[in-house]
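# Residue-level structural notes
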Amino acid sequence: SQQGEEDPQALSIQEGENATMNCSYKTSINNLQWYRQNSGRGLVHLILIRSNEREKHSGRLRVTLDTSKKSSSLLITASRAADTASYFCATPRSGGSYIPTFGRGTSLIVHP
Amino acid sequence: SQTIHQWPATLVQPVGSPLSLECTVEGTSNPNLYWYRQAAGRGLQLLFYSVGIGQISSEVPQNLSASRPQDRQFILSSKKLLLSDSGFYLCAWSGRTSGRAGSYNEQFFGPGTRLTVL
């Protein structure tokens, strides 16, 4: 089954720095999503990027998608302590499937 | 607006005891429903999904089962819990169709149930 894998597994930065997380996947996709999970909580959808898009912005978030390399990146600019969370990428299980599969996530810690 | 509820929030159960976790969705109809399990520091493992009342697809044929007795109700059950069933259980829903790009395949998660089997 399709599965994205995030890299790095853990990231520790200082407040104000940028945080970059990457996601690699194996087969062709029609969209890729990023989610955030605060400790002990459910996941929250951040952004969806379609296969015909190369870059998308939402506030301090910037997502890129390179279908030729089968990879995506999530950039959080000017990070804040409140950004501390785990971040997951999700890809459809197969082309057109409505069921996403999730990677293991990147654990981000932003130190104040 | 749509909301999703899960209960209980936490649960401690002895090995061999039964389990029933409930998930309900409000503010939408005909949702796709999902049960996930998340082990500590791990990703999400899809357990079951449902596209309609009484329609359940199983991803992990173990000692867990799921039922959808009503359109917006999804129940996760077990007759006898194992130690390995401990984890964080998440229910999620997604819409069937949408004209809005942001909701295509987007999933909305409940707050989760922390299950500890002793």
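Residues numbered from 1 in each chain as written. Chains lettered and ligands numbered in written order. Predicted model: local features only at pLDDT ≥ 70, side-chain atom pairs only at ≥ 80, totals over all residues. Heavy atoms only, no water.

## As for the overall build of chain B
From N to C terminus, chain B includes zero helices and eleven strands. Shown N-terminal to C-terminal, the secondary structure of chain B runs as helices and strands in the order β-β-β-β-β-β-β-β-β-β-β. The C-alpha radius of gyration computed for chain B amounts to 14 Å, which stays within 12% of the reference 13 Å derived for 118 residues, consistent with globular compactness. Dimensions of chain B, computed from the C-alpha atoms along their principal axes, are close to 45 × 30 × 25 Å. Across the 118 residues of chain B, 48% fall into the buried class. If you take every contact in chain B between residues at least 6 apart in sequence, the share linking residues at least 24 apart comes to 59%. By element, 53% of the accessible surface of chain B is carried by carbon and sulfur atoms, the whole surface being about 5,600 Å². For chain B, the separation between the mean place of its 9 positive charges and that of its 6 negative charges on side chains is 5 Å. (Helix = DSSP H or I, 4+ residues; strand = E, 2+ residues; numbered from the N terminus. Rg over C-alpha atoms; globule rule 2.2 N^0.38 Å. Buried < 20%, exposed > 50% of the residue type's maximum accessible area, 1.4 Å probe, protein only. Contact = heavy atoms within 4.5 Å. Areas by Shrake-Rupley, 256 points an atom, 1.4 Å probe, with all protein chains shown as cover. Lys, Arg positive; Asp, Glu negative; His and termini not counted. Charge placed at Lys NZ, Arg CZ, Asp CG, Glu CD.)

## Let's talk about the interface of chain B and chain A
Taken together, the 23 residues of chain B in the interface contact 23 residues of chain A. Between chain B and chain A, roughly 1,900 Å² of surface is buried when both sides are summed, and carbon and sulfur atoms account for 48% of that area. There are three residue pairs in polar contact (both at pLDDT 80 or more) connecting chain B and chain A. Contributions of two or more residues to the side of chain B that touches chain A are made by strand E4 (32-38), strand E5 (44-52) and strand E9 (87-94) of chain B. Counted by class, the side of chain B that touches chain A contains twelve nonpolar, seven polar and four charged residues. (Buried area = accessible area lost by both parts, 1.4 Å probe. Polar contact = N/O pair within 3.5 Å; in protein donor to acceptor, adjacent residues only side chain to side chain. Nonpolar A, V, L, I, M, F, W, Y, C, P; charged D, E, K, R; others polar.)

## Focus on the sheet that holds strand E3 (residues 19-24) of chain A
All names here are of chain A. Here we have five strands laid out as an open sheet, ordered E1-E3-E8-E7-E6, and antiparallel in their pairing. At either end of the open sheet lies a strand with only one pairing partner, and these are strand E1 (5-7) and strand E6 (55-58). Taking the axes of each pair of neighbouring strands and ignoring which way they run, one obtains an average angle of 20° across the sheet. (Pairing = 2+ DSSP bridges. Axes fitted to C-alpha atoms, helices over the stretch in contact; angles between N-to-C directions.)

## Points about the sheet that holds strand E8 (residues 73-78) of chain B
Residue and element names in this part refer to chain B. With respect to topology, four strands assemble into an open sheet ordered E1-E3-E8-E7, the strand pairing being antiparallel. In the strand order of this sheet, the two ends are held by strand E1 (3-7) and strand E7 (64-70), each with one partner. For this sheet, the mean inter-axis angle between neighbouring strands, taken without regard to orientation, is 15°. Here six bridges tie strand E3 (residues 19-26) to E8, and the two strands are oriented antiparallel to one another. What sits directly across from Leu19, in E8, is Ser78.

## Topic: the layout of surface pockets
Roughly 420 Å³ of volume is contained in the largest pocket. Looking at the largest pocket, it is lined by 22 residues, and the ones nearest its centre are Gln37(A), Ser86(A), Gln38(B), Gly41(B) and Arg42(B). Listing elements by their share of the lining of the largest pocket, those giving two or more residues are strand E9 (85-92) and strand E11 (106-111) of chain A. Tallying contributions element by element places E11(A) first for the lining of the largest pocket, with four residues. Looking at the lining of the largest pocket residue by residue, the classes come out as seven nonpolar, twelve polar and three charged. (1 Å grid on protein atoms, 1.4 Å probe; cavity = no way out; pocket = protein on both sides within 12 Å on 5 of 7 lines; lining within 4 Å. Points joined across faces, edges and corners; volume = space filled by probe spheres on them.)

## Considerations on the side chain of Glu6(A)
Residues and elements named next belong to chain A. Counting through the fold element by element, Glu6 comes out in strand E1. Among buried Asp, Glu, Lys and Arg side chains, Glu6 stands out as unpaired, with Arg104 the closest opposite charge at 7.5 Å. Contact partners of Glu6, with chain neighbours within four places excluded, come to Asn22, Cys23, Trp34, Tyr87, Phe88, Cys89, Gly103, Arg104, Gly105 and Thr106. (Salt bridge = Lys/Arg side-chain N within 4 Å of Asp/Glu carboxyl O.)

## Some details on the environment of Ser1(B)
All names here are of chain B. Relative to the elements of secondary structure, Ser1 occurs in the segment before E1. We classify Ser1 as exposed; its relative accessible area is 89%. Separated by 26 residues in the primary sequence, Ser1 and Gly27 have C-alpha atoms spaced 5.6 Å apart. Sequence-distant contacts of Ser1, that is, excluding residues within four places in its chain, are made with Glu26 and Gly27.

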